[in-house]
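Structure assessment
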Amino acid sequence: MLKEYQTVTEIYGPLMLVEKIDGAKYGHIVDIELGDGSKRHGQILQVENDKVLLQVFEGTNGIDVDTSTVRFLAKPLELAVSPDILGRVFTGLGVPKDGGPDIIPDKRLDINGNPINPFARDYPNEFIQTGISTIDGLNPIVRGQKLPIFSGAGLPHDEITAQIARQATVLGKGEEFAVVFAAMGITFEAAQFFIDDLTETGAIERAVMFMNLANDPAIERIATPRFALTAAEYLAFELDKHVLVILNDMTNYCEALREISAARKEVPGRRGYPGYLYTDLAMIYERAGRIKGKKGSITMIPVLTMPEDDKTHPVPDLTGYITEGQIILSRSLHRQSVAPPVDALPSLSRLKDKGIGAGKTREDHADLYNQLYAAYARGKEAQELATIMGEAALSNEDKKYMTFANEFEARYVTQDYYENRSIETTLDLGWELLSMFDNVELKRIDIELIDKYMPRFRKEQKNEEAAKEE
Amino acid sequence: MSETIQGKVVKVAGPVVVAEGMTGARMYDVVRVSKLNLIGEIVELHGDLASIQVYEETVGIGPGEPVVNTGVPLSVELGPGLIESIYDGIQRPLESLYAVEGAFMKRGTDLPGLNREKKWHFKPTVEAGIKVNPGDIIGEVDESSLVMHKIMIPAGVSGTLQKITEGDYTVVQDIATVVAEDGTETQLQMMQKWPVRNARNVQRRLAPNEILRTGQRVIDTFFPISKGGTACVPGPFGTGKTVVQHQLAKWVDAEVVIYVGCGERGNEMTDVLTEFPELKDPRTGEPLMKRSVLIANTSNMPVAAREASVYTGITIAEYFRDMGMSVALMADSTSRWAEAMREISTRLEEMPAEEGYPAYLGARIASFYERAGRVQCQGGPEREGALSIIGAVSPPGGDLSDSVVQATLHVTKVFWSLQGRLAYQRHFPAIDWLTSYSFYKQYLKNCFDDADQGLEMDNLVAEAMALLEKESNLLEIVRLVGAEALSPQDRFALETSRTIREDYLHQNAFHKVDTYTSMLKQYEMLKTILFFHKQALKAIEAGVDINDISKLKVREDIARAKYIPQDEMEKIPQIRETIEKQIKELQAAGV
Ligand SMILES: Nc1ncnc2c1ncn2[C@@H]1O[C@H](COP(=O)(O)OP(=O)(O)O)[C@@H](O)[C@H]1O
Ligand SMILES: [Mg+2]
């Protein structure tokens, strides 16, 4: 039953109040027809008696109270899905935007989805090789994980996400990822960079794009990641695909949410973001994962820019509280031309432990990253001390650790955006860097592993071997 | 029976629904909203208007839809079948929901907390004819290999036990009859219900003077928690709150563990679900799942049910405590619970206090932790139970001035302060040894069968802590004038405190041996580290070069002592012999 009303009474910010409505339901959508015949879309935020509060996705510019007609569609926002969505580009509201035909739907899915029953989840434990040492070696990502990139304005997060999308493979398996890309308020240039990259590798054929660019309506962004994840769930859990979802940029999404909240005059939380931001973000991020008895999976890489590089800002802060780790980019490394400028210390993958080790990557992986972290942390401290007091004031120990940290940044962290390192290469590089330390200092590594892996890299031992051969 | 109250929805705003025509309804009554039968709870009454927090998603609900009052407050079902279960925030069994609904949660599915079909063997422990009162144990059920479930007389029932019969029953079949003085008969079943927002009754509160062992060195040695104690674990994301909670759920010497995943990650619950059936309790060798109950209301599940989840958890915990058991409850994270309160409060348009939280935040937090404690249980036979609560707190930006942290610290007796700085160095558990505290420290010595050992442990702990404090002062000096300015003794104090930090406090949760350290092994390890320290200082006094001491081979043994399995512990005292020997050799060489 479609109902039309011309009873708009108030318009403020991105919101509209419509009165004398019968039968409106919370969360359902509306079409709005303006006096000039153009159309907008809205969603019900609140119903009270016969009053309905709407958010207008395209913004309220040019809408008036007299001539607008609101049509209640008695359903939530939906995405029409079929296997044909692969290779297609949609707007941030799920409308085809590539000039191609409309999708003939197999079904229409509510974009809000439903929470995965925790009992139905399968623990993610399949290592994904990205070819990037700071990820594979130190913060390994597994299938079904949600691992964001915390970036800053002007830092190369686009290069890194493109590299991951290009190189990600699960060892020993031929399957390729399908890619779902949601652009929220990013520039045309940034979006095009990613599309070009996918086109070059041919991955564009198995990609679905939802594009809300910087000059597209801001409120639309609230729906964009939900469309993307609905597509991803369909591909993963109905078509058995392994899906890599990239959400870029979540900070823009949160700003749209803040705009709505401010317009509703809600009690603001930190920095004006609504108190329910955590819950709202969780409804998005928790859609990643694996499900018992299903072949496909959703791996998610949200990208966000930290305002003023501040990771305690509500957007990165709440994201970090929900996602399974974070890869943090550092402006100071970027300035020193370390690329990719991954700040290893505060970066973290929470799901690494069950995805690595014998039979997955290599038996020495866990001990090795523990040791690398311990040594790098100490080296970083020494670097700091050296900037305060001068290198001369460092003890010999500290000097050694500082050398390690410098080497680590120059050789382990630094790599080309097109260099695809195997996990063995990454692990061996770790051993090589640690070979400057005596066993006493390698407390985090099992003695047997040291005996097995280290000899190849120790200089004096190498020399001895060489001497023997002579 | 009064007429069922039936009202109508007039407003829907997210998880809050307002209904009219609700005259006669009481605060915290459970209602059913719309034909979808969504479960809700009344949280405010104004005339005939009731504000309802709805435990399920409200999309698609609108004015005019029916609201039916059930007339009962939100309650949990208590009885055999709790152990090994995983529930959502309002005690709906997630395993059965999965069987009915599939992987994605739908709405309006109503399933009881306790299985109605399963039969349990009930064995009376008393005979007919005796007088019974609330809390009296009348029988037991072998619920799991680790839990002997006591069947108790429910609240409000007293009289003469007229009949009690051994046999196999479902939780709702009659097992006994009680005749009150006025002649009214009550049929008893194994299942009883309890409203979650009320604390269960106890006879008397007792001092929590026994340590709850956790096998985590920094906790047991420096900041122990008692049976019946309360602990607050705040820290920014990624500092190890959840790992601490998981480690405790695995290794505490409690008889029952209740783990409440409140508004946190789905995969963390899956982790528990996959690990606990595999992991063995170090004391009994039985799978840990056999003593656990899980409540999982993850961050993407409805926010009102999240608010309820901690109450559901604590009520189940109290019930096992009432049987005379030591129970430990972990709540991860109480901040999400507080945020759920805030979200509901905002929708109710209540006047906010700090950070938008309702003014009653502190009171709610305090009364939650008040439900912990060591008690003499109600009823006979006389028995003691304990309920410990360990609450994680997730302050925005890791800022400890956050309202939830402050309100929690106000009432809890143990503070494990997790630091981002330590976590970034991968020093785990990232518990700050200088700012954390425990009010239960004085009970540590009682953990040892040998009283002298207990006293010695107290001294070792004090000595180690003094070194750690000294380290922080010395490092300050080093930062100002460089390490060269320090005396050899001070330089060695830095070495030893590094050893304490890296080889003792640092504990890898994912290492098969290191994940758990018995009290005795903690004592041996600490004793060895400090023994080396004293021997070395003596040698330094005698003129031995500090660099030579630092290079001693035995230091590697000290560093790796944590990896010595429990059943090879005699190797640790042997390290002390090696220390003596190697230092003597050094001195001899120097002469
Ligand atoms: N005791 C520990 N041993 C080893 N790793 C740990 C330990 N505690 C924390 N970690 C590491 O830190 C990560 C984050 O810990 P977690 O408990 O999930 O943090 P939080 O709950 O505070 O966000 C874990 O995934 C793990 O890699
Ligand atoms: Mg956590």
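Every chain's residues receive numbers from 1 upward, in the order its sequence appears when written. Working convention: letters from A go to chains and numbers from 1 go to ligands, in the order in which they are written. Residue-level local features of this predicted model are given only where pLDDT is at least 70; pairs of side-chain atoms are given and counted only at 80 or more, and the full residue set underlies all totals for whole chains, interfaces and linings. Calculated side-chain values reflect all of the structure's heavy atoms, with hydrogen atoms and water omitted.

**As for the overall build of chain B**
The helix count covers DSSP runs of H or I at least four residues long, the strand count covers runs of E at least two residues long, and both are numbered beginning at the N terminus. What chain B contains, in helices and strands, is 15 helices and 28 strands. Within these notes, the globule rule equals 2.2 Å times the number of residues to the 0.38 power, and the radius of gyration is based on C-alpha atoms. Relative to a compact globule of 591 residues, whose C-alpha radius of gyration would be 25 Å, chain B shows 28 Å and is just as compact. Here the term buried applies to any residue with accessible area under 20% of the maximum for its type, exposed to any over 50%, and partly exposed to those in between, with areas from a 1.4 Å probe on protein chains only. Counting the 591 residues in chain B, one finds 61% classified as buried. Note on contacts: a residue pair qualifies if any of its non-hydrogen atoms lie within 4.5 Å across the two residues. When contacts within chain B are restricted to residue pairs at least 6 apart in sequence, those whose partners lie at least 24 apart make up 70%. Surface exposure here means Shrake-Rupley accessible area, sampled with a 1.4 Å probe, where a residue is shielded only by the protein chains that are shown. Accessible area for chain B stands at about 22000 Å²; split by element, carbon and sulfur atoms hold 51% of it.

**Some details on the interface of chain A and chain B**
Counting residues at the interface gives 77 residues for chain A, matched by 75 residues for chain B. Two parts placed together each lose some accessible area under a 1.4 Å probe, and the buried area is that loss summed for both. Buried surface at the junction of chain A and chain B, summed over both partners, amounts to about 6500 Å²; 56% is from carbon and sulfur atoms. Each salt bridge in this description consists of a side-chain nitrogen of Lys or Arg and a carboxyl oxygen of Asp or Glu lying within 4 Å of one another. Linking chain A with chain B are seven salt bridges. One salt bridge connects K354 of chain A with D271 of chain B, and the closest N-O pair in it is separated by 2.9 Å. Whenever a nitrogen or oxygen atom comes within 3.5 Å of another N or O atom, the pair is scored as a polar contact, on the condition that within protein one atom can donate a hydrogen and the other can accept it, and that pairs from neighbouring residues in sequence are kept only if both atoms are in side chains. On inspection of chain A and its partner chain B, the count reaches 31 residue pairs in polar contact (both at pLDDT 80 or more). Listing elements by their share of the side of chain A that touches chain B, those giving two or more residues are β5 (39-48), β11 (121-122), α4 (224-237), α6 (277-285), α7 (314-322), α9 (365-389) and α12 (447-453) of chain A. No other element matches α9 of chain A, which puts eight residues into the side of chain A that touches chain B. Here the side of chain A that touches chain B is composed, by residue class, of 38 nonpolar, 17 polar and 22 charged. Any two strands with at least two DSSP-identified bridges between them are counted as paired. Where β5 of chain A lies against strand β1 (residues 6-13) of chain B, two bridges are found, and the strand directions are antiparallel. Within β1 of chain B, the residue paired with E48 of chain A across the bridge is K11 of chain B. Throughout, the ten residues Ala, Val, Leu, Ile, Met, Phe, Trp, Tyr, Cys and Pro are labelled nonpolar, Asp, Glu, Lys and Arg are labelled charged, and all others, Gly among them, are labelled polar.

**What about unusual backbone geometry?**
Of note, the bond from A339 of chain A into P340 of chain A is cis; its omega dihedral lies within 30 degrees of zero at -10 degrees. Tracing the backbone shows P340 of chain A in the loop between α8 (331-335) and β22 (348-349). A cis amide bond links G380 of chain B with the next residue in sequence, P381 of chain B, at an omega value of -5 degrees. Along the chain, P381 of chain B turns up in the loop between β25 (373-376) and β26 (384-393). Backbone geometry places N37 of chain B, a non-glycine residue, at a positive phi of 65 degrees. In this structure, N37 of chain B sits in the loop between β3 (29-33) and β4 (38-46). Residue E84 of chain B is not a glycine yet carries a positive backbone phi of 75 degrees. With respect to the secondary-structure elements, E84 of chain B resides in the loop between β7 (75-78) and β8 (86-87).

**Comments concerning the domain arrangement of chain B**
Residue and element names in this part refer to chain B. Domain assignment breaks chain B into domain 1 (5-73), domain 2 (116-190), domain 3 (204-435) and domain 4 (451-590). Those domain boundaries reflect an automatic or database domain assignment. For domain 2 and domain 3, the distance between their C-alpha centroids amounts to 32 Å. Contacts between domain 2 and domain 3 engage 14 residues on the former and 18 residues on the latter. Of the roughly 1200 Å² buried at the junction of domain 2 and domain 3 (both faces included), carbon and sulfur atoms supply 64%. Taken as a group, L146, V147 and M152 account for 41% of the area that domain 2 buries against domain 3, more than any other trio of residues on that side. At the boundary of domain 2 with domain 3, the tally comes to zero salt bridges.

**With respect to the confidence of the model for chain B**
Here chain B shows a mean pLDDT of 94. Residues at 70 or above account for 99%. For this predicted complex, the interface confidence score (ipTM) comes to 0.93, while the overall pTM stands at 0.95. As a per-residue quantity, pLDDT reports the predictor's confidence and falls between 0 and 100.

**A short note on the pattern of salt bridges**
All names here are of chain B. For the structure shown, the criterion picks out 73 salt bridges over all chains. The shortest N-O distance in the salt bridge between R92 and E56 comes to 3.5 Å. In this pair, R92 is assigned in the loop between β8 and α1 (94-101) and E56 in the loop between β5 (49-54) and β6 (66-73), connecting sequence segments 36 residues apart. For R92, a relative accessible area of 6% translates into the label buried. Linking R576 and E524 is a salt bridge whose minimum nitrogen-to-oxygen distance equals 2.9 Å. You can see R576 sitting in helix α15 (residues 571-590) and its partner E524 sitting in helix α12 (residues 519-541), a full 52 residues away along the chain. Salt bridges sharing partners connect three or more residues here, namely E264, R265, E268, R336 and E339.

**Observations regarding α6 of chain A**
Taking burial as the measure, the nine residues of α6 of chain A include eight buried ones, the bulk of the element. The set of residues buried in α6 of chain A consists of L277, Y278, T279, D280, L281, A282, I284 and Y285 of chain A.

**What to know about the packing of helix α5 (residues 303-322) of chain B against helix α6 (residues 334-347) of chain B**
Residues and elements named next belong to chain B. Fitted lines through C-alpha atoms give the axes, limited to the stretch in contact for helices. The angle between two N-to-C directions lies from 0 to 180 degrees. One can describe the packing of α5 onto α6 by two numbers: an axis separation of 8 Å at closest approach and a directional angle of 130 degrees. With respect to their mutual orientation, α5 and α6 come out oblique. Of the two elements, α5 crosses α6, and the hand of that crossing is left-handed. Contacts between α5 and α6 involve V303, A304, R306, E307, V310 and Y311 from the first element and R336, W337, E339, A340, M341, E343 and I344 from the second. Its residues assigned to classes, the contact of α5 with α6 shows eight nonpolar, no polar and five charged. We call two directions roughly parallel when the angle between them is under 35 degrees, roughly antiparallel when it is over 145, roughly perpendicular when it lies between 65 and 115, and oblique otherwise. By the definition used in this description, the sense in which the near helix is turned from the far one sets the handedness, with an anticlockwise turn below a right angle giving left-handed and a clockwise turn giving right-handed.

**Regarding the site of ligand 1**
The rule for a residue being near a molecule or strand is that one of its heavy atoms must lie within 4 Å of it. Near ligand 1 you find 18 residues, and of these R350 of chain A together with G238, K241, T242 and V243 of chain B are the closest. Proximal residues around ligand 1 fall on chains A and B, making this an inter-chain site. Within the side chain of R350 of chain A, an N or O atom sits 2.6 Å from an oxygen atom of ligand 1. At 3.2 Å, a backbone N or O of Q507 of chain B approaches a nitrogen atom of ligand 1. Compared with its free state, where it exposes 560 Å², ligand 1 has 94% of that area covered by protein.

**Quick look at a nonpolar patch on the surface**
All names here are of chain B. A patch is a set of surface residues, each over 30% in relative accessible area and not in a salt bridge, joined within 9 Å for like charges and within 5 Å for the nonpolar side chains Val, Leu, Ile, Met, Phe, Trp and Tyr. Nonpolar side chains collect at one region of the surface, where I477, L480 and V481 lie side by side and expose about 300 Å² of accessible area between them. Residue position: I477 is located in helix α10 (residues 451-481). Residue classification places I477 among the partly exposed positions, given a relative accessible area of 37%.

**Notes on the packing of aromatic side chains**
The description of an aromatic ring pair rests on the distance of the ring centres and on the angle between the ring planes. Working definition: rings of Phe, Tyr and Trp (its six-membered ring) pair if their centres are within 6.5 Å, and the pair is stacked with planes under 30 degrees apart, edge-to-face with planes over 60 apart, and tilted otherwise. Inspection of every chain in the model, using the stated rule, returns 25 aromatic pairs over all chains. Relative to F237 of chain B, the ring of F150 of chain A has its centre 6.3 Å away and its plane inclined at 80 degrees; by these criteria the two rings are edge-to-face. Linking F150 of chain A in strand β14 (residues 149-151) with F237 of chain B in the loop between β21 (230-234) and α3 (241-251), this pair reaches from one chain into another. Given the relative accessible area of 0%, F150 of chain A is considered buried. Grouping aromatic residues by their ring pairs yields a cluster made of Y376, Y401, F404, F408, Y412 and F437 of chain A. Residue placement shows R336 of chain B over the ring face of Y278 of chain A; its charged tip is 3.8 Å from the ring centre. Cation placement over rings: the criterion is NZ of Lys or CZ of Arg within 6 Å of the ring centroid and within 35° of the ring normal.

**Considerations on the side chain of N508 of chain B**
Inspection of the secondary structure puts N508 of chain B in the loop between α11 (488-505) and α12. At 2.8 Å, the side chain of N508 of chain B and the backbone nitrogen of F510 of chain B are in polar contact. When neighbours within four sequence positions are excluded, N508 of chain B is seen to be in contact with N370 of chain A together with D514 and T515 of chain B.

**Here's the deal with the pairing of strand β22 (residues 256-262) of chain B**
All names here are of chain B. Most of β22 is tucked away: seven of the seven residues are buried. Of the two faces of β22, both are covered, the one formed by V256, I258, V260 and C262 as well as the one formed by V257, Y259 and G261. Inspection of the sheet shows β22 paired to strand β24 (residues 326-332) by six bridges, in the parallel sense. Across the sheet, residue V257 finds its bridge partner in β24, namely A328. Here β22 runs beside strand β23 (residues 292-297); their pairing, made up of six bridges, is parallel. The partner of Y259 across the bridge, within β23, is L294. Following the chain from β22 across helix α4 (residues 266-275) to the adjacent parallel β23, one finds a crossover that is right-handed. A clockwise path from the first strand over the helix to the second, with the strands pointing away from the viewer, defines a right-handed crossover.

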